[in-house]
Amino acid sequence: MPGPAPGAERVAGGVDEDPEPATSARPQANRAWWWAGAAVFMLVIVVLFDAYLHLSKTYPENSDEANILLMANDMLHGNVYLSGWNVSDVPFITTELPEITLLVWMFGLHLNTAHIAAAVTYTLVIAVAMLLAKGKAKGPKAIARMALVLAIMLAPQPGIGIFVIDFSVGHIGTALPVMLTWLALDRWGSPGGADFSDGGPAPHPPGPRGRPDEKAMISDLRRRWYVPVIVAVLLGWALMADPLVLVIAIYPMLVVCLVRVVTGLITSGRNGSGLRGIGRSLADRWFELSLAAAAGLSYLVVWWGQQLLGHAGGYNQQPVPFALDGGRWFMQARVSVHGLLEMFGAYFVPGNTINYYKSGTYLDFPALSGLDQALAITHVIGVLFAIWGALAIARRFFFRDADWVSQLLLVAIVANIAAYVPSKIADASALNVREIAPVLPFAAVLAGRMIGDRLLSGPAVSVKLPRISRPLRLRLLAIPLVALFGWYSFGLFQQADTPAAPNPFAELEAYLEANNLTYGIGGYWNASVITVDTGGRITIRAVSPACMQEYAWENKPTWYDPAQHSANFLVLSNVAGYFSQFSASGTSLNVLNDLYSSNQRVYLGTGGYFLTPADKGTQVTWNYEIRVYKGNLLADLPLLYQKLNHKPPNVNLPVGPQNLPVKC
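Residues numbered from 1 in each chain as written. Predicted model: local features only at pLDDT ≥ 70, side-chain atom pairs only at ≥ 80, totals over all residues. Heavy atoms only, no water.

1. Points about the overall build of the protein chain
Here comes step 1: Regarding its fold elements, the protein chain presents 21 helices and 14 strands.
Here comes step 2: For the protein chain, the proportion of its 664 residues judged to be buried stands at 50%.
Here comes step 3: Taking contacts inside the protein chain between residues at least 6 apart in sequence as the whole, the part at least 24 apart equals 74%.
Here comes step 4: When the accessible area of the protein chain is evaluated, it comes to approximately 30700 Å², of which 64% is carbon and sulfur surface. (Helix = DSSP H or I, 4+ residues; strand = E, 2+ residues; numbered from the N terminus. Buried < 20%, exposed > 50% of the residue type's maximum accessible area, 1.4 Å probe, protein only. Contact = heavy atoms within 4.5 Å. Areas by Shrake-Rupley, 256 points an atom, 1.4 Å probe, with all protein chains shown as cover.)

In C-alpha cells, the structure reads:
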C-alpha cells in the first residue's frame, strides 16, 4: 500500500516523525526543578545542623550524656549488647546509640561528640518532619507545608527548650523512627502510590452480584503486602529503643485502625446493606486490619527479643518510673504548659524562667532579654498554627476520608500528654517535658498537612519582574508569613551566636589532676561527666547518697569492684542536684581516723554552674569539697556511710535522677 504523500501528516494536523516531540522539554524542566529543590533542601539541612550544634553547646554537659558516650564507646569496642551495663528506662540500643557509636568512631570519646550527636538528631527530626508534612504535594503547596513545619520547629528556647529538644539524648530522637514509619505508610500504603490524605486505600470494586471482586482484592493484597511488614519492622526498631513508642505509635495505630474499621461498618449499616455489606466493608478495610496486626506483632517480637537479649547476657534495663499523682494536677499542668511553650520557643513570661519543683523550691535561669522575649511572643503564632492543625483533623477524625497520618499524629499527641500530665514525673521539673518531646514535631507535621495548603489561598497581587514575560502572582497572606519566617530565622542565628556554656568542673578537674587523684567516688551529676571530659585521666564513679552504694543508673558494676579499681577520694558538692545531701562545709563530715586522712581536705569555691561562693558572715559556703582517704573506698563504702554525720534518712526506697527506686 502506497505511503501518504509528502506533507500529508502536516496537512492532517500530524507531526513529523524526525523532530523531537515538544512535550519532551517539560520532563526535563521538571527534573531540573526537582534537583534544584533537593539542593535547597540539603543546604537548609546543613545550615540547620550548624545552628543547632552551636545551640547545643550553650547548655552545659552532664553525666547523662557522658554515660551515653561511654555506652557508645563500649559498643564501638565490640560490646554490642552492652553486656554488664545497667541502662536507664530507655536503652536507645537501636536508635541513638548506634548513631553516637558512629560519631565516637569519627570524632572520638569527647563531650563535644554529644553536642554533635544532638545536632544531628534534631536536624534529622526536622528533615523527616518536613518530608512527612509534604506528603504527595508538589510545587507551591509542598513548599508551604514544609516551610510551616520548619517555622514551628525552628528555634527552641534557650535553657529548658534547648535541653529538651536539642541537647538531651531522649524522646525527641524517638520521634524520628516513628515519623519514618508514617512516611513509609504515606508513600507506599495506598494503591498506585496515591496520597493518604484522600482517606487511605480505595475500596475494592464490586464484582458480580455486588460482592467484592476477589481478584481485585488479591491483586491489591499482592501489590501492597509489604507495607504492613515495613510498618512492623520500623515500629519494632523504635520500640526496642524506647518504651514510649507504645504510647506514641503502637496504641495510636490500634486506635486509628479501629476507628476506621468501625466507621466503615457504621456506614454499611446505615446504607441498609445488611450482613453482605458488613462483609464487604471488612474486606475493603483489610489494610487497616493488617496494620493493626503488624503493630501488635511488633510489640510481641520486641518483647521476645528483649527476653533473648537478657538470656544472652545483654544490658539490664530499669523499669519505667511511671506513677500517677492525683493530688497536684493543677501544678503538674502548669509545669507541663511551661515546658511545652519552651519547646515551641514561646515562653514569653517576663523575668526569670522558673523551673518548678514539688518541694516548692525553684531554680532561676537568666532573665529573658528583650530580643528573646520578642521572639518568644511571636513564636506563639507557631503554637496557634499547631493548635489549628490539631483542631482541623479532630473535626474530621471520624470521617471516612480523614487523613490517616494526621489521625495517627493527633492520637499520639493526645496520648503522650494525657499519660504525662497526671504522672509524678510532671510534678518534678519543667525539664521533664522531654518525656513529651515528640509533641513538637508531631504538632508541626499536623499543621503542615492540615493547613499548609490554605496559606496559599486568599487574594493575590500581580508583580511584574524585569526580563520575565509573565507577571508573578503573590498571595497577600503569604507576605507577612514570609516576613515572620525571616524573623524566626534571625532569632535562631542570634541565639546560636551565644557563647558556649563554661565548663563547671574546670577547677575541680585541674586540682584532682594536679594532685594525682585519679579514681574516686562522688554524686551522679559530677561523676561520668568529669570522667569523659578528662579522657579517663580522672575517673569518678557515682554512688547513691542515700546509702553510699553503687548508683545503678547507666553504669557498670565492674566500676565498683575493689579487686579491679582503687578509689581514694570522695567529692562532695553543694551544687543543687549533685551530691548535696551531705554538707560540703566539712564540719558535718566526721569519719573514723583510721579511714579518713584529716590533713587532706580541700575546699573549692568556684566551678559551680548554678551556685557561686557566698560569704554569709563568718561562714563560707563552698561548692565542692574533696576528701582523700586511706585505703580503698570501694571496699569500705558501708563503713563510710555509717560514719558520715547528717546523712539523709535511711528510707526503704530512695530515688534516683528519674524518680527510680534505688536499692540500699
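Right, picking up where we left off after that structure.
2. Things to note about the layout of surface pockets
Here comes step 1: Computed from the structure, the largest pocket encloses a volume of approximately 2000 Å³.
Here comes step 2: Lining the largest pocket are 50 residues, and of these G139, P140, A142, I143 and A144 lie nearest its centre.
Here comes step 3: Within the residue set of the lining of the largest pocket, elements represented by two or more residues are α2 (25-56), α5 (111-134), α6 (139-153), α8 (171-188), α15 (370-395), β6 (472-475) and α18 (478-496).
Here comes step 4: In terms of residues, the lining of the largest pocket owes the most to one element, α2, which gives 12 residues.
Here comes step 5: Residue composition of the lining of the largest pocket, by class: 40 nonpolar, five polar and five charged. (1 Å grid on protein atoms, 1.4 Å probe; cavity = no way out; pocket = protein on both sides within 12 Å on 5 of 7 lines; lining within 4 Å. Points joined across faces, edges and corners; volume = space filled by probe spheres on them. Nonpolar A, V, L, I, M, F, W, Y, C, P; charged D, E, K, R; others polar.)

3. Details of empty space enclosed by the protein
If you roll a probe as big as a water molecule over the atoms, it shows you where there is empty space left.
Here comes step 1: Tallied over the full model, the rule gives five cavities of 30 Å³ or more.
Here comes step 2: Taken as a whole, the second largest cavity holds about 100 Å³ of empty space.
Here comes step 3: The wall of the second largest cavity is formed by 17 residues, among which E96, A117, A118, T121 and V169 lie closest to the centre.
Here comes step 4: By residue number, the principal contributor to the lining of the second largest cavity is α5, which donates five residues.
Here comes step 5: Split by residue class, the lining of the second largest cavity holds 11 nonpolar, two polar and four charged.

4. A look at a nonpolar patch on the surface
Here comes step 1: A contiguous nonpolar surface patch, about 750 Å² in accessible area, is contributed by L297, Y299, L300, V301, W303, W304 and L308.
Here comes step 2: Tracing the backbone through its elements, the reader meets W304 in helix α13 (residues 286-311). (Patch = residues over 30% accessible without salt bridge, like charges linked within 9 Å, V, L, I, M, F, W, Y side chains within 5 Å. Salt bridge = Lys/Arg side-chain N within 4 Å of Asp/Glu carboxyl O.)

5. Points about the nonpolar core
Here comes step 1: In this structure, W182, L185 and I521 are the most contacted members of the largest nonpolar core, which totals 167 residues.
Here comes step 2: Aside from chain neighbours lying at most four places away, what touches I521 is I540, R541, V543, M548, A567, F569, L570, V571, L633, L634, L637 and L640. (Core = buried A, V, L, I, M, F, W, Y, C linked by side-chain atoms within 4.5 Å.)

6. Some points on the pattern of salt bridges
Here comes step 1: Under the criterion given, the structure shown has seven salt bridges.
Here comes step 2: Residue D186 is joined to R449 by a salt bridge in which the shortest nitrogen-to-oxygen separation is 3.1 Å. Residue D186 is located in helix α8, and its partner R449 is located in helix α17 (residues 439-451); the two are separated by 263 residues in the primary sequence. Here D186 matches R449 in class, with each residue buried.
Here comes step 3: Residue D401 pairs with R396 through a salt bridge whose shortest N-O separation is 2.6 Å.
Here comes step 4: Sharing partners across several salt bridges, the network here consists of D186, D403 and R449.

By themselves, these observations are geometric and do not establish any function.
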